[in-house]
Amino acid sequence: MQYILMLYANESGWSKLAPAEQKRAAAAYEAYTEALKKAGAFKGGSRLQPVAAATTVRIVNGKSQVLDGPYAESKEQLGGYYLIDVPDLDAAMSWAARCPAASHGIVEVRPLFVAPG
Amino acid sequence: MSGRDVDTRARATADAVARRSYGKLVAFLAARTRDVAAAEDALSEAFASALTDWPENGCPLNPEAWLLTVARRKAIDIARRRRSGEAAAAQRQLLAEEFVAAAEGEAIPDQRLALMFACGHPALETGIRAPLMLQVVLGLDAKTIASAFLTSPATMGKRLVRAKSKIRQAGIPFRVPEREELPGRLDTVLDAIYAAFTESWTDPGGTDVVRRDLAEETIYLATLLADLLPAEPEALGLLALMLHAEARRRARRNAEGEYVPLAEQDPALWNSQLIDAAEALLRRASALGRIGRYQLEGALQSAHVYRRRTGLANWPEVVQLYDALLALSGSPVVAINRALAIRELHGAAAALEAMQELVPDMRLNDYQPYWAARAELLATTGAIGAAHHAYEVAIGLERDVAVRRFLQRRQSMLTPD
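Being a predicted model, the structure only gives us computed values, none of them experimental.

### Some points on the packing of helix H16 (residues 348–356) of chain B against helix H17 (residues 368–381) of chain B
Residue and element names in this part refer to chain B.
Right, on to step 1. Where H16 meets H17, the closest approach of the two axes is 9 Å, and the angle between their N-to-C directions is 145°. Between H16 and H17 the crossing geometry is left-handed. The residues of H17 that touch H16, namely those facing Ala348, Ala349, Ala351, Leu352, Met355 and Gln356, are Tyr370, Ala373, Arg374, Leu377, Leu378, Thr380 and Thr381.
Right, on to step 2. Taken together, the residues of the contact of H16 with H17 break down into nine nonpolar, three polar and one charged.

### Observations concerning helix H3 (residues 89–98) of chain A
Right, on to step 1. Taken residue by residue, H3 of chain A has Leu89, Asp90, Ala91, Ala92, Trp95 and Ala96 of chain A as its buried positions.
Right, on to step 2. Residue Asp88 of chain A occupies the N-cap position of H3 of chain A, its side-chain oxygen lying 3.1 Å from the main-chain nitrogen of Asp90 of chain A.

### Describing the side chain of Thr33 of chain A
Residues and elements named next belong to chain A.
Right, on to step 1. Inspection of the secondary structure puts Thr33 in helix H2 (residues 19–38).
Right, on to step 2. Engagement of the side chain of Thr33 in a polar contact is seen with the side chain of Tyr82, the distance being 2.8 Å.
Right, on to step 3. Once you skip the residues sitting within four places of it in the chain, Thr33 turns out to touch Phe42 and Tyr82.

### Some points on the pairing of strand S1 (residues 2–9) of chain A
All names here are of chain A.
Right, on to step 1. With eight bridges joining them, S1 and strand S5 (residues 77–85) adopt antiparallel strand pairing. Bridging from a neighbouring strand, Ala9 pairs with Gln77 of S5.
Right, on to step 2. Inspection of the sheet shows S1 paired to strand S6 (residues 105–111) by seven bridges, in the antiparallel sense. Opposite Leu7, over in S6, you have Val107 as the bridge partner.

### Observations regarding the side chain of Arg307 of chain B
All names here are of chain B.
Right, on to step 1. Structurally, Arg307 can be placed in helix H13 (residues 293–310).
Right, on to step 2. Put simply, Arg307 is tucked away with no salt bridge, and the nearest opposite charge, on Glu344, sits 6.9 Å away.
Right, on to step 3. Setting aside residues up to four positions removed in sequence, Arg307 forms contacts with Leu262, Leu312, Ala313, Asn314, Trp315 and Val318.

### Observations concerning the packing of helix H11 (residues 233–247) of chain B against helix H12 (residues 272–287) of chain B
Residue and element names in this part refer to chain B.
Right, on to step 1. Interhelical geometry of H11 versus H12 gives an angle of 160° and a closest axis separation of 8 Å. The angle between H11 and H12 places the two elements in the roughly antiparallel class. Remark: the crossing between H11 and H12 carries left-handed chirality. Mapping the contact onto sequence places Pro233, Leu236, Leu239, Ala240, Leu243, His244, Glu246 and Ala247 in H11 and Leu274, Ile275, Ala277, Ala278, Glu279, Leu281, Leu282, Arg284 and Ala285 in H12.
Right, on to step 2. Across the contact of H11 with H12, the residue classes break down as 13 nonpolar, one polar and three charged.

### Here's the deal with the sheet that holds S6 of chain A
Residue and element names in this part refer to chain A.
Right, on to step 1. Sheet architecture is open: four strands sit in the order S2-S5-S1-S6, paired in antiparallel fashion. The open sheet is flanked by strand S2 (42–47) and S6, the only strands paired with a single partner. Mean inter-strand twist for the sheet, computed between neighbouring axes without regard to direction, equals 20°.
Right, on to step 2. Pairing geometry for S2 and S5, over five bridges, is antiparallel. Each residue of the ladder has a partner; that of Gly45, found in S5, is Tyr82.

### Considering helix H18 (residues 384–397) of chain B
All names here are of chain B.
Right, on to step 1. Compared with the 20 Å implied by 1.5 Å per residue over 14 residues, the 20 Å span of H18 between its first and last C-alpha is a close match.
Right, on to step 2. Turning to H18, its buried residues number three or more, namely Ile384, Ala387, Ala390, Tyr391, Ala394 and Ile395. Along the axis of H18, the buried residues cluster in a sector spanning 140°; they form a single face. In this structure, H18 carries Gly385 and Gly396 as exposed residues pointing more than 90 degrees from its buried face.
Right, on to step 3. Packed against the buried residues of H18 are H17 and helix H19 (401–412).

### So, the environment of Arg9 of chain B
Residue and element names in this part refer to chain B.
Right, on to step 1. By the secondary structure assignment, Arg9 is in helix H1 (residues 3–30).
Right, on to step 2. By relative accessible area, which is 46% here, Arg9 ends up partly exposed.
Right, on to step 3. When the C-alpha atoms of Arg9 and Ile336 are compared, they prove to be 54 Å apart, with 327 residues separating the residues in sequence.

### Some remarks on the packing of aromatic side chains
Right, on to step 1. Under the counting rule described, the total for this entry stands at eight aromatic pairs over all chains.
Right, on to step 2. Geometrically, the ring pair formed by Tyr194 of chain B and Tyr294 of chain B is edge-to-face, given 5.5 Å between the ring centres and 75° between the ring planes. Of this pair, Tyr194 of chain B sits in helix H9 (residues 182–199) while Tyr294 of chain B sits in helix H13, placing them 100 residues apart in sequence.
Right, on to step 3. Ring geometry for Tyr259 of chain B versus Phe406 of chain B: centroids 5.0 Å apart, planes at 80°, classification edge-to-face. Linking Tyr259 of chain B in the loop between H11 and H12 with Phe406 of chain B in helix H19, this pair joins segments that are 147 residues apart in sequence. Summarising the burial analysis for this pair, Tyr259 of chain B and Phe406 of chain B share the class buried.
Right, on to step 4. Here a set of aromatic residues connected by ring pairs shows up, and it is made of Tyr32, Phe42, Tyr82 and Trp95 of chain A.
Right, on to step 5. Between the NZ or CZ atom of Arg47 of chain A and the centre of the ring of Trp14 of chain A, over which it lies, the distance is 4.6 Å.
Right, on to step 6. Over the face of the ring belonging to Trp270 of chain B we find Arg248 of chain B, whose NZ or CZ atom lies 5.9 Å from the ring centre.

Conventions we followed
- Residues numbered from 1 in each chain as written.
- Chains lettered and ligands numbered in written order.
- Predicted model: local features only at pLDDT ≥ 70, side-chain atom pairs only at ≥ 80, totals over all residues.
- Heavy atoms only, no water.
- Axes fitted to C-alpha atoms, helices over the stretch in contact; angles between N-to-C directions.
- Helix = DSSP H or I, 4+ residues; strand = E, 2+ residues; numbered from the N terminus.
- Left-handed = near helix turned anticlockwise from the far one by under 90°.
- Contact = heavy atoms within 4.5 Å.
- Nonpolar A, V, L, I, M, F, W, Y, C, P; charged D, E, K, R; others polar.
- Buried < 20%, exposed > 50% of the residue type's maximum accessible area, 1.4 Å probe, protein only.
- Polar contact = N/O pair within 3.5 Å; in protein donor to acceptor, adjacent residues only side chain to side chain.
- Pairing = 2+ DSSP bridges.
- Lys, Arg positive; Asp, Glu negative; His and termini not counted.
- Salt bridge = Lys/Arg side-chain N within 4 Å of Asp/Glu carboxyl O.
- Parallel < 35°, antiparallel > 145°, perpendicular 65-115°, else oblique.
- Expected span 1.5 Å × (residues − 1).
- Arc of directions from axis to C-beta.
- Phe/Tyr/Trp six-rings, centres within 6.5 Å; stacked < 30°, edge-to-face > 60°.
- Lys NZ or Arg CZ within 6 Å of the ring centre and 35° of its normal.

It is worth stressing that arrangement in space is one thing and function is another; only the former is reported here.
What follows is the structure, given as C-alpha cells:
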C-alpha cells in the first residue's frame, strides 16, 4: 500500500538552530531518506519552502481569489512529505516513528486513495 | 423426529457454532482482504442459509467448514456487487485460494489473535476497540453492545462502521505483532478488554442482564487471549484480575441490594472456583518472570482475599504491591488505594499525609474514590466538618445508587464531638 507521510513542525524552530545543529538535522533526514530507499519503500518526497512562500487559490463566484499565505495557520506547519510503499499501516507507522520530524514535530500517516475497479 | 425438533436442532447447532467459531470464521474471511464488514455480511448470510438448509438436509458433519464454504461464496457475490474489474478479481482470487486451503481437509486456522490485534490497534479510537472486539470476535450485535456501553444503537453502529472502514482503508494488518512491539501492542488490547469489563461493574448486583452478559463476554475475550498467548504473563494477569473481581460479584450487595465494601463482605459468598482459577493463573504468570500492571493488580486482589479468608493481616505486603504498581503506573487512583492501605499500618493521619501529595492533581477533583477515601480518613481523625464536606462531594459524583446510599449512611453516622 502507498502512504504519504506529512511532516509538520514549527518552522521557526529551524532558524533558531545553530549552523552545526542545522547541518546535523539535515544529515538525519538524508540518512532517513537513504534508509527508505535501501528498504525499497521510497516512492518520493521533498522538503517544502516555508509557509511564507505559500499562496492559496480558490474560485469564488467564478473569480479566482488569491491569498498570500498557507491554507491553515497553526503552530506547526507542513514542512515536507514522503511517499512510501509498504505492506500495511504497521510498517507505515514504524517508518513514521523513525522520521526525524516525529521527534521535533508531528508525522501524519495517510493511505493513498485507490480507485475501485 | 418431528419437523419442529429438526428445526430446533438446526438452530441449536447454528447457535453453538456461532458462539464457538464466529470470530474464527470472520478472522479467516477477512484476514487478507481486511474487509471486516464484508466478512461479517457474508457470514450472516451463511448463517441464514444454514437455518433453512440444515432442517431439510440435516446438520453437516463439519458445520464450520459448511459455513465457511457458503460464506466464501456469498463474499464473492458481495465483492461482485460492490466492485468491478481488477480489484474484485484480485479479491476473488484471494478468497478462492484460502477456500481451497480450507476445503482440503485442513482445519480452519485460528486467526482470532490477529483479529484481536487488528481490533485493538492503536490507530483506532480508544473507546471503540473493546466494542469492536465484542462484535467482530464474538458476534454481538450493535444494539447489545450499545446498551452495555450506555450509548444509542445508532451511534454505536456508526462508530463500529467507521472503525471497520479505517481498518480497511488505512491498511491495519491482521497480524500478531513481532516480538519487540508485542508488549506495547498487547497493552492496548488488554486495556480495551479491561475497560469493557469495568464498564460492566456499574451493575455489580447483576440485575441488568445486558451488563451481566458484558462481564461474561469480556471474561470470554480475556480467556481466549490468555489461551492464545500462554507465555504472556500480562494476559494471564488480566484474566486473573477479572476472575477475582467476578468471584466477589455476589458478595458486593446484601439482600436489600445495598453496597457491601470488601472489608465487610461474607467470604462464604465468594465463588471459590473462580478464585482458585485466578490464583493458578497468577502462579503461572509469575513463573514467567515479567511483572506488569495486571499481575500486580491481580496479586493485590489475591492478598485481600487471603487476608479476609485467614484473618491474618498482610498490610505490609499490600502496601509493597501498591508501591510497585505506583512506580509502574504513576496513577493517582493507585495512590489513593495505597493511602488506604497505609492507614491500616500507620493510621489515618499518615494516610491523609500520603494522600495530601496528590491534591495538586486536578484530575482528582471529579474522581469519586478520592473524595470517598478522603472522607473516611478525615472521619477517623475526627475532622468531622471536613469529612462531611468530602462525603458530600463523593455522593454528588457517584452514579451507582447503592454506593450513593452507602456513602450517605456513612455521612449520617458522623457525630460531632
